Amino acid sequence: MPDREGDYSLAVCYERAMAMSIERTDARPWRDEHLKELFSEGFPEFITADRLVKEYIGRIREWFGDLNLMLVDDHDVPVASGWGVPIRWDGQPEDLPAGYTEALVRAVEGHEQGIEPDTLVICGAIVTPSLKGRGLAGEVLTALRQTAGQSGWDRVIAPVRPTAKARYPLTPIETFMRWSREDGTALDPWIRTHQRLGATLLAAAPASQTMTGTVAEWEGWTGMTFPDSGEYVIPGGLSLLRIDRSADQGVYQEPNVWMRHS
Ligand SMILES: CC(C)(COP(=O)(O)OP(=O)(O)OC[C@H]1O[C@@H](n2cnc3c(N)ncnc32)[C@H](O)[C@@H]1OP(=O)(O)O)[C@@H](O)C(=O)NCCC(=O)NCCS
């Protein structure tokens, strides 16, 4: 009886949503098994191979903990997470960071130079696998936006990593971001979530992140072999991996989409 089961799970979901709360991620230690479950799906292994992110992420975690939030259910289980960084941005597309990585760099360097931020950059969100598709990411994004409001920042933007782009690695991001469904909303579900919260497309970010590694590292991350230099479609890749065997190097540039929340 699928209808009754559906009704039941909706009711359970509603009750759980009612009982959920937002906390800072650094407010307390979280159980390892809960974190493992929360972060178990959604990102390819090579996502951590961005050299600049590795260099800056420690200071981000330390300085911008108020922008790193957990959605917690009534059993104290973290079921979704999202985080961002504050930057100064003049509101013009030309002044946007090139993407995710440059936003992190601008946030850290701005903080070090004492530059007053006026913009929240939402950098990412994740929902525990069993609760995807129920609007929990929207709860986290809303909480982050409220934090921006409380800080008096005028603007909220995001270099959105379009989750469906991995199925279209050959398509330029400028084209992909404009694809829409019959109802006018974006083809990409994660772009749609932002649109539901009132966000609009701002600009393509074709080189939002750059991941580099040796050929052996890329083979380990992707479970593939790369016998020749050239371009390869890789699992979970939003664009192509470029292998240069003579330099023993693989470079992958991740495209994102800048969106602006109202
Ligand atoms: C992207 C993500 C954060 C969205 O969170 P969410 O709470 O599931 O978001 P929503 O409830 O708004 O659902 C978004 C879309 O996911 C789709 N969806 C539904 N069930 C799903 C499931 N089980 N798995 C994946 N996507 C699902 C739906 O199509 C929905 O779009 P629609 O309602 O317009 O059709 C979540 O899927 C996730 O954690 N993904 C892995 C990490 C990631 O890619 N994060 C984004 C980049 S930082």
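Treat the numbers as computed from the prediction; the structure is a model and nothing was measured.

Turning our attention to the pattern of salt bridges. Evaluated as defined, the whole model comprises 12 salt bridges. The closest approach of N and O atoms between E55 and R51, which form a salt bridge, is 3.8 Å. Of this pair, E55 and R51 both sit in helix α3 (residues 51-63), separated by 4 residues, roughly a single helical turn. Residue E55 is classed as partly exposed on the basis of its relative accessible area of 43%. Close ionic contact of E254 with R161 constitutes a salt bridge, the shortest N to O distance being 2.4 Å. Placement of E254 in strand β9 (residues 249-261) and of R161 in the loop between β5 (155-160) and α6 (173-176) is noted, with a sequence separation of 93 residues between them. When its relative accessible area of 0% is taken as the criterion, E254 is described as buried.

A separate point is the site of the ligand. Taken together, 19 residues form the shell around the ligand, and within it V127, G133, G135, R192 and R196 come nearest. Residue V127 places a main-chain N or O atom 2.8 Å away from an oxygen atom belonging to the ligand. Interatomic distance of 2.8 Å between a side-chain N/O atom of R196 and an oxygen atom of the ligand. When isolated, the ligand has an accessible area of 900 Å², and the protein chains bury 74% of it. Breaking the shell around the ligand down by element, the ones donating at least two residues are β4 (119-127), α5 (136-151) and α7 (189-196).

Attention now goes to the side chain of H261. Residue position: H261 is located in strand β9. Reaching out from H261, the side chain makes a polar contact with the side chain of H194 at a distance of 3.0 Å. Setting aside its immediate chain neighbours within four residues, H261 contacts I122, R145, V156, H194, L197 and A199.

Moving on: the confidence of the model for the protein chain. Mean pLDDT for the protein chain: 94, with 93% of residues reaching 70 or above. In the predicted structure, residues 1-11 sits below a pLDDT of 50 and forms 1 contact with residues beyond four places in sequence or in another chain.

So, about the packing of α5 against α7. Between α5 and α7, the least distance of the axes is 10 Å, while the angle of their chain directions is 50°. The orientation of α5 relative to α7 falls into the category oblique. Note that α5 runs across α7; the crossing there is right-handed. Along the contact surface, α5 presents A137, G138 and L141, while α7 presents W190, T193 and H194. Here the contact of α5 with α7 is built from residues that sort into 3 nonpolar, 3 polar and no charged.

Turning our eyes to something else, we now look at the packing of α3 against helix α4 (residues 100-112). The geometry of α3 relative to α4 is characterised by a closest axis approach of 9 Å and an angle of 50° between their N-to-C directions. By the angle between their axes, α3 is oblique relative to α4. In the packing of α3 onto α4, the handedness of the crossing is left-handed. For the pair α3 and α4, the contacting residues are L52, V53, Y56, I57, R59, I60 and W63 in the first and Y100, T101, L104, V105, V108, E109, H111 and E112 in the second. Considered class by class, the residues forming the contact of α3 with α4 number 10 nonpolar, 2 polar and 3 charged.

Along α3, the helix axis deviates most sharply at I57, where the bend reaches about 40°. Those residues of α3 hidden inside the fold are in contact with β3 (78-87), α4 and β6 (200-213). For α3, the capping residue at the N-terminal end is D50, with a side-chain oxygen 3.1 Å from the backbone nitrogen of L52.

Conventions and cut-offs
Residues numbered from 1 in each chain as written. Predicted model: local features only at pLDDT ≥ 70, side-chain atom pairs only at ≥ 80, totals over all residues. Heavy atoms only, no water. Salt bridge = Lys/Arg side-chain N within 4 Å of Asp/Glu carboxyl O. Helix = DSSP H or I, 4+ residues; strand = E, 2+ residues; numbered from the N terminus. Buried < 20%, exposed > 50% of the residue type's maximum accessible area, 1.4 Å probe, protein only. Near = heavy atom within 4 Å. Polar contact = N/O pair within 3.5 Å; in protein donor to acceptor, adjacent residues only side chain to side chain. Areas by Shrake-Rupley, 256 points an atom, 1.4 Å probe, with all protein chains shown as cover. Contact = heavy atoms within 4.5 Å. pLDDT = per-residue confidence, 0-100. Axes fitted to C-alpha atoms, helices over the stretch in contact; angles between N-to-C directions. Parallel < 35°, antiparallel > 145°, perpendicular 65-115°, else oblique. Left-handed = near helix turned anticlockwise from the far one by under 90°. Nonpolar A, V, L, I, M, F, W, Y, C, P; charged D, E, K, R; others polar. Bend = angle between axes of the 7 residues up to and from the residue.

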